[in-house]
Amino acid sequence: MGKIHYYEGEIVEIPNHPTDWFYYHHEELYKKYGECYLSIRKLDNIIIGSYKTYREALRETFSIMM
């Protein structure tokens, strides 16, 4: 199974740990998306997108939000 990478950044305030939802669904998400960076809407846990790099995930997610 892939590793979980969780980033804290200056642009986005991220809590000290991932939500329980992500941990409970990690295996399912890994099987579906493989090793990637996921953008997940916190309100309802909808997968906004999957990306090859962290930078791409930030750029694309912010472009969707604006």
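Reading guide: rules and limits
- Residues numbered from 1 in each chain as written.
- Predicted model: local features only at pLDDT ≥ 70, side-chain atom pairs only at ≥ 80, totals over all residues.
- Heavy atoms only, no water.
- Phe/Tyr/Trp six-rings, centres within 6.5 Å; stacked < 30°, edge-to-face > 60°.
- Buried < 20%, exposed > 50% of the residue type's maximum accessible area, 1.4 Å probe, protein only.
- Helix = DSSP H or I, 4+ residues; strand = E, 2+ residues; numbered from the N terminus.
- Polar contact = N/O pair within 3.5 Å; in protein donor to acceptor, adjacent residues only side chain to side chain.
- Contact = heavy atoms within 4.5 Å.

1. Points about the packing of aromatic side chains
Per the counting criterion, the structure on display carries two aromatic pairs. Ring geometry for Phe22 and Tyr23: centres 6.4 Å apart, planes at 65 degrees, overall edge-to-face. The buried category is assigned to Phe22, whose relative accessible area is 15%. Residues Tyr37 and Tyr54 carry aromatic rings whose centres are separated by 6.1 Å and whose planes lie at 55 degrees to one another, so their mutual orientation is tilted. Of this pair, Tyr37 sits in strand S1 (residues 37–41) while Tyr54 sits in helix H3 (residues 54–65), and the two are 17 residues apart along the sequence. Assessed through its relative accessible area of 23%, Tyr37 is described here as partly exposed. A relative accessible area of 30% means that Tyr54 is categorised as partly exposed.

2. Quick notes on the side chain of Thr61
Position of Thr61 relative to the elements: it lies in helix H3. There is a polar contact of 2.7 Å between the side chain of Thr61 and the backbone oxygen of Ala57. In contact with Thr61, other than residues within four places in its own chain, are Ser39 and Tyr51.

3. A short note on the environment of Cys36
In this fold, Cys36 is placed in the loop between helix H2 (26–33) and S1. Take Cys36: its relative accessible area is 26%, and that puts it in the partly exposed class. Taking the C-alpha atoms as reference, Cys36 lies 5.2 Å from Lys52; in sequence the two are 16 residues apart. When near neighbours in sequence (up to four residues on either side) are disregarded, Cys36 contacts Ser50 and Tyr51.

4. A few points about unusual backbone geometry
The residue Asn45 is not glycine, and still its phi comes out positive at about 60 degrees. Structurally, the position occupied by Asn45 is in the loop between S1 and strand S2 (46–51). Residue Asn45 is classed as partly exposed on the basis of its relative accessible area of 24%.

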